[in-house]
Every structure is written in C-alpha cells, then in structure tokens.
Amino acid sequence: MSDQERILKFQIFRYNPQKKGDKPRMVTYEVTEAPGMTIFIALNDIREHQDPSLQFDFVCRAGICGSCAMVVNGQPTLACRTLTSKYENGEIKLLPLPGFELIGDLSVNTGKFMRAMSERVESWIHDQNADKVNFEKLEERMDPDVADQIYELERCVECGCCVSACATKRMRPDFLSAVGFMRLARFALDPRDKRTDQEFYEIMGDDDGVFGCMTLLGCEDYCPKDLPHQTQIAYLRRKMVFVK
C-alpha cells in the first residue's frame, strides 16, 4: 500500500441534542486517503458511504463561507482547507467549535452569535444624512490606501475560529471577541461612517470590549484567513485610550 492509499482513522464527536436519550460520544471511522484529500472530502466520504446521519456544515468548499469550521486535533480551522496529508500518523480527531450553540455532531450555530455581534456593534455605516440619500449622486471618493485597508478587514468570513481560540471569551461570555473587534476596526477606518470615538467607546470601551483582551492572540494564531487581529486590537485601543 502506497502512502497515498493509507487508511485514515477519524475520531468524531457525535451528539444530537434534539434526539431524546442521545449522549455525547466519540465514534471512530476509517477512510482510505486519496491524493489532495481534505478533512471536508473525508467527511463527505464518511457521510456518503458509512453514516448518513453525520452532521457538519459546508457551503463553498473554498474557504470563503467559513461554514465548515471545526476543531481538528485540538486546533480550530476550516475543514475544506485542511489536508489530511498534514497528519503523518493518519489519526484525526474532530470536535465542534466550543463557545457556540451545538446543533448536532460537528455543526454549531455560528449565525446566532454573529447576528448578535453585528447588532451589538451596529454593523452598518452611520451617515448623518442617511434619510436624505440621493441615489443619483456619484459614490463618495475614497483614498486608495484606506480602501485597501478596509478591504483587508472585509476578508473576515465569520467562521468563528477566533472566538473558539479566545481564552478571554471562555472566561467572559459577554466578551466581544476578535471578530467583533475586526468589524469595529473596519467601520472606524471608513471615512463614510460618522460615528465619533466616544460613540465607539460606548460599544467597546470596557472589560467586555477591547480593554478586556488579554493579548494571548489565539485569534491571530488560528485565523484561517491570516487577518491582522493583533494590529487591529492595538489600533482600537489607541483610539479608545484618549477618549474622555
């Protein structure tokens, strides 16, 4: 048997909270590895040929939607971007992302958390003249460098890996977390958003906000999009520290 035909052993967390009497457990599955196989492909193989009841999420298969985030051998990551060849011993343990409501098995409700976060940070451009929008007016010009910075922050796919990797979030349930800071930094940079530093301070200027971060940077270590969490947290802190 060649290296490309080795047998992978998956230990997968199984539990359906909607099924009466079901209990959390780890179930082992074996899959024959194929060239270029990802965790996502292996999970599909298991669901198609071994256990159609296995629950996990996916949409794009390209690392864009963030739906397939899970804990792989102790590290939060995207299943569709994680090659099985990365694990030399062929043993892979899969768990759902902690910190989110469990739907079943590897599926968690990140959408509920992300919607609450979006409402909390008021994730839209605040324009004082929003009631007098002229749809025939040309779009407001923006410095290209600022536009590039905003685009960089918009690459967040809200997968939840940063939330699950955050020790502060584990200890403080109301902590805004890195995904919220990234969103706030995006609007703080946007010249079209007319909110003042004081208004941003009201959202994140306490221990559940940017000053509660212990700077352990699990968010940056495990972000599958390699976003600059450390830089943005420092940026927001500098803005907030001078607010009177």
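Our structure's up above, just so we're on the same page.
Quick caveat: nothing in here was measured; it's all calculated off a predicted structure.

1. Topic: the nonpolar core
Now for step 1: Among the nonpolar cores identified, the biggest contains 65 residues, and Phe10, Ile12, Ile39, Leu43, Met70, Leu94 and Leu236 are the most heavily contacted of them.
Now for step 2: In terms of residue count, helix α6 (residues 177-189) provides more of this core than any other element does, nine residues in total.
Now for step 3: Excluding residues that lie within four positions of it along the chain, leucine 94 makes contacts with Phe10, Gln11, Ile12, Phe13, Met26, Ile39, Leu43, Met70, Val71, Val72 and Leu106.

2. Some words on the pairing of strand β3 (residues 69-72)
Now for step 1: What you see with β3 is no split at all: Ala69 and Val71 on one side and Met70 and Val72 on the other are buried throughout.
Now for step 2: Where β3 lies against strand β4 (residues 75-78), four bridges are found, and the strand directions are antiparallel. Bridge pairing in β4 places alanine 69 opposite leucine 78.
Now for step 3: The antiparallel hairpin formed by β3 and β4 contains two residues in its connecting segment, where asparagine 73 sits at a positive phi of about 50°.
Now for step 4: For β3 and strand β5 (residues 91-95), the ladder comprises two bridges, and the chain directions are antiparallel. Bridged to valine 71 within β5 is leucine 95.

3. Regarding the pattern of salt bridges
Now for step 1: Tallying each qualifying case throughout the model produces 14 salt bridges.
Now for step 2: For aspartate 22, the salt bridge is made with arginine 25, and the minimal N-O distance between the two is 2.9 Å.
Now for step 3: Between glutamate 119 and arginine 115 there is a salt bridge; the shortest N-O distance is 3.3 Å. Taken as a pair, glutamate 119 and arginine 115 lie in helix α2 (residues 110-120) at a separation of four residues, close to a single helical turn.
Now for step 4: Using a relative accessible area of 48% as the deciding quantity, one classes glutamate 119 as partly exposed.
Now for step 5: Each of Glu154, Arg186, Asp190 and Arg192 takes part in one network of salt bridges that share partners.

Basis of the calculations
Numbers given to residues run from 1 along each chain, matching the order in which its sequence is written. Local features in a predicted model are, by the rule used here, given only for residues with pLDDT of at least 70; side-chain atom pairs are given and counted only at 80 or more, and totals for whole chains, interfaces and linings are based on all residues. Only heavy atoms go into the side-chain values, all of them from the structure, while hydrogens and water stay out. Remark: nonpolar core denotes a set of buried residues (Ala, Val, Leu, Ile, Met, Phe, Trp, Tyr, Cys) joined through side-chain atoms within 4.5 Å. For each residue, the accessible area found with a 1.4 Å probe, counting protein chains only, is set against the maximum for its type, and the residue is called buried under 20%, exposed over 50%, and partly exposed in between. Strands here mean DSSP runs of E at least two residues long; helices mean DSSP runs of H or I at least four residues long; both are numbered from the N terminus. A contact between two residues is defined here by any heavy atoms of the two lying within 4.5 Å. Strand pairing is defined by DSSP finding a minimum of two bridges between the two strands. When a carboxyl oxygen of Asp or Glu lies within 4 Å of a side-chain nitrogen of Lys or Arg, that pair is called a salt bridge.

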